[in-house]
Amino acid sequence: MYIPNVLEKTSSGEKVYDLYSRLLEDRIILLSGEIDDNLYVFNTLGIIGKNGAGKSTLLKILSEITPPTEGTIKLRGKIASLLEVGTGFHPEMTGRENIFLNGSILGMKKAEIQRKLDEIIDFSEIEEHIDTPVKRYSSGMYIRLAFAVAAFLESEILIADEVLAVGDLSFQKKALGKMDEVSKTDGRTILFVSHNMSAVRSLCNKGILLEKGKIKIQGDLDDVIDEYYENPFLNLNESITDKIARLPRDESFVINNIEVTQNEKPVTAVVGNGESIDIDISYEVLKKEIGLRVYVDVCDSGGELIFRSFHDEKKSGMGSVPPGKYQSKVSIPANVLGPSKYILRISATIFNVRSCAGDGVKIPLNVIQTGLYNTAYPMDTFRGKVAIPLEWETTEWA
């Protein structure tokens, strides 16, 4: 029988934040907001934010590891938590013993845990080490077992932190697939924290953006991620000059001007893909630096990097840039971008030292079809991220 989950946090005199989950017509319902009773449908909730925003702290509070400094947390239902490496397992006990320990903490009987044991060990892929004390496990082995325990033992709420990043790529994909399965098939509520927006998009259908311990935006996942990336499509009226003025100051580098043109005309938010897009960056180097590199990123509309180009990428060795004023020009060739939305991000870095322009200057591009892409089938859907025309040769053979 499904046990509904109730999780509530209140703060006297300030924001009221309620997270209310229950089974209703095979769906999970999230009630959240600032005393306004907004209703959202969700199975998996992505919690995102920059480092120090309070994501991991929030999960520790919900997991009853850390008490809140204010407000209250009310929980109903069993919670399985997958937080940082080392949380929840006894280092002197073997992997097998820790499986039974975690099951007991969740209120499961020994026979129930025994029924799940083979599945947990098989999923973790560490069968030959299952009777070894976990203090001898590598971080990757630990995460494999910890995730398998959290995913297969009977809990109604699964809380997962960025800890999955410790595992190898194949296990990360396997783990994300399992979380998707338990949310859709078993109706479990999943709270997922990650800096990997591709993983958040693939798993979650609602989101919360935290900033300095408070909720900045919540609700539709795309809106939350756009706000996280400070998506320039949200503010099309801001000029490039204003964006440059908002860059953090750097002791070695400053951007003076950026021009984006097509056919020698300034590019607006809408641009055709049938002709090249020219980028002209004027900047000043204030003191000599080794490994100073100016670059342009081409990202998708969600801010995910598609490709990056450095001003010095054709040089054979790392060079130094003396003080002075410089101008770097680069062009994105025609027929490379597809009919889609993109973000240009112009910035600079000192190799292996620091970024010289924060998150850079972000310029939105709404690319429309004017080039060679799929001209014979104009109503077909654009696929992928870029539309590079490749040379094909087709011959008939008998």
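Residues numbered from 1 in each chain as written. Predicted model: local features only at pLDDT ≥ 70, side-chain atom pairs only at ≥ 80, totals over all residues. Heavy atoms only, no water.

Enquirer: I'd love a proper account of the sheet that holds strand β21 (residues 324-332), names of residues and values included.
Expert: Backbone-to-backbone hydrogen bonds join strands into a sheet, with any given pair of strands oriented parallel or antiparallel. Ordered by their spatial adjacency, four strands build an open sheet running β14-β13-β16-β21, and the pairing between neighbours is antiparallel. Only two strands of the sheet have a single partner each, and these edge strands are β14 (265-266) and β21. Pairing between strand β16 (residues 277-285) and β21: nine bridges, direction antiparallel. When the sheet's bridge partners are listed, Val285 is paired in β21 with Gly324. (Pairing = 2+ DSSP bridges. Helix = DSSP H or I, 4+ residues; strand = E, 2+ residues; numbered from the N terminus.)

Enquirer: Which residues make up the environment of Thr189, and what values go with them?
Expert: Position of Thr189 relative to the elements: it lies in strand β10 (residues 189-193). On the accessibility criterion, Thr189 (2% relative accessible area) is buried. A C-alpha to C-alpha distance of 8.5 Å links Thr189 and Ile159, two positions 30 residues apart in sequence. (Buried < 20%, exposed > 50% of the residue type's maximum accessible area, 1.4 Å probe, protein only.)

Enquirer: Kindly report on the nonpolar core, identifying the contributing residues and their values.
Expert: Counting residues in hydrophobic clusters, the biggest one holds 48 residues, and the most contacted among them are Ile99, Leu145, Met179 and Phe192. In this structure, Val285, Ile332, Tyr342 and Ile346 belong to the second largest nonpolar core, which totals 33 residues. (Core = buried A, V, L, I, M, F, W, Y, C linked by side-chain atoms within 4.5 Å.)

Enquirer: Could you give me a rundown of the packing of aromatic side chains, with the residues and numbers involved?
Expert: One pass over the full model with this rule turns up six aromatic pairs. Here the aromatic rings of Phe123 and Phe171 are separated by 5.9 Å at their centres, their planes lie at 65 degrees, and the arrangement is edge-to-face. With Phe123 in helix α3 (residues 110-124) and Phe171 in helix α5 (residues 169-185), the pair connects residues that are 48 residues apart, well separated along the chain. Phe171 sits in the buried class, given a relative accessible area of 2%. Among the aromatic side chains, those forming a connected cluster through ring pairs are Phe123, Phe147 and Phe171. Over the ring of Phe123 we find Lys174; its NZ or CZ atom is 4.5 Å from the centre of that ring. (Phe/Tyr/Trp six-rings, centres within 6.5 Å; stacked < 30°, edge-to-face > 60°. Lys NZ or Arg CZ within 6 Å of the ring centre and 35° of its normal.)

Enquirer: I'd love a proper account of the sheet that holds strand β12 (residues 214-220), names of residues and values included.
Expert: A sheet is described by the order of its strands in space; here six strands give the open sequence β8-β9-β10-β6-β11-β12, paired in mixed fashion. The sheet terminates laterally at β8 (79-82) and β12, the two strands that pair on one side only. Each strand axis lies, on average, 15 degrees off the axis of its neighbour in the sheet, ignoring direction. (Axes fitted to C-alpha atoms, helices over the stretch in contact; angles between N-to-C directions.)

Enquirer: Tell me about α5, and please be specific about residues and values.
Expert: When the terminal C-alpha atoms of α5 are compared, their 24 Å separation across 17 residues agrees well with the 24 Å that a helix rising 1.5 Å per residue should span. All of the buried residues in α5 are Phe171, Ala175, Leu176, Lys178, Met179, Val182 and Ser183. The arc that holds every buried residue of α5, seen down its axis, measures 160 degrees, which confines them to one face. Along α5, the residues that are exposed and aim more than 90 degrees away from the buried face are Leu169, Ser170, Lys173, Lys184 and Thr185. (Expected span 1.5 Å × (residues − 1). Arc of directions from axis to C-beta.)

Enquirer: Describe the pattern of salt bridges, with residues and values.
Expert: Taken as a whole, this structure holds 18 salt bridges when the rule is applied. The partner of Arg354 in a salt bridge is Asp250, and the shortest N-O contact between them spans 2.9 Å. Within this pair, whereas Arg354 is found in strand β23 (residues 354-355), its partner Asp250 is found in the loop between α8 (240-245) and β13 (253-262), the two being separated by 104 residues in sequence. In this structure, the salt-bridge partner of Asp300 is Lys385, at a minimum N-O distance of 2.6 Å. Of this pair, Asp300 sits in strand β18 (residues 292-300) while Lys385 is found in the segment after β24 (361-368), placing the two residues 85 residues apart along the sequence. The class for Asp300 is buried, based on a relative accessible area of 13%. Classification of Lys385 by relative accessible area gives partly exposed; the value is 44%. Each of Asp250, Glu251, Lys287, Glu289 and Arg354 takes part in a single network of salt bridges with overlapping partners. (Salt bridge = Lys/Arg side-chain N within 4 Å of Asp/Glu carboxyl O.)

Enquirer: So what's going on with the confidence of the model for the protein? Which residues, and what values?
Expert: Overall, the predicted model of the protein reaches an average pLDDT of 79, with 83% of residues at or above 70. Mean pLDDT in the protein bottoms out at strand β3 (residues 23-24), which sits at 28, and peaks at β16, which reaches 96. Here residues 1-41 is modelled with pLDDT under 50, and outside its nearest four sequence neighbours on either side it reaches 110 contacts, counting other chains as well. (pLDDT = per-residue confidence, 0-100. Contact = heavy atoms within 4.5 Å.)

Enquirer: Report on the pairing of strand β6 (residues 44-48), specifying residues and quantitative values.
Expert: Counting buried positions along β6 yields five of five residues, so the element is predominantly enclosed. Of the two faces of β6, both are covered, the one formed by Thr44, Gly46 and Ile48 as well as the one formed by Leu45 and Ile47. Two strands pair when backbone bridges link them, and β6 and β10 are joined in this way by four bridges, in the parallel orientation. Following the sheet pairing, Leu45 is matched in β10 by Leu191. Two strands pair when backbone bridges link them, and β6 and strand β11 (residues 206-211) are joined in this way by four bridges, in the parallel orientation. Residue pairing in the sheet places Gly46 in a bridge with Gly207 of β11.

Enquirer: Describe in detail the packing of α3 against helix α4 (residues 139-152), supporting the description with residues and values.
Expert: Taken N-terminus to C-terminus, the directions of α3 and α4 make an angle of 140 degrees; their axes are 8 Å apart at the nearest point. Between α3 and α4, the angle falls in the class oblique. Handedness of the α3/α4 crossing: right-handed. Residues Lys116, Glu119, Ile120, Phe123 and Ser124 of α3 lie in contact with α4, whose contacting residues are Arg144, Leu145, Phe147, Ala148, Val149 and Phe152. Here the contact of α3 with α4 is composed, by residue class, of seven nonpolar, one polar and three charged. (Parallel < 35°, antiparallel > 145°, perpendicular 65-115°, else oblique. Left-handed = near helix turned anticlockwise from the far one by under 90°. Nonpolar A, V, L, I, M, F, W, Y, C, P; charged D, E, K, R; others polar.)

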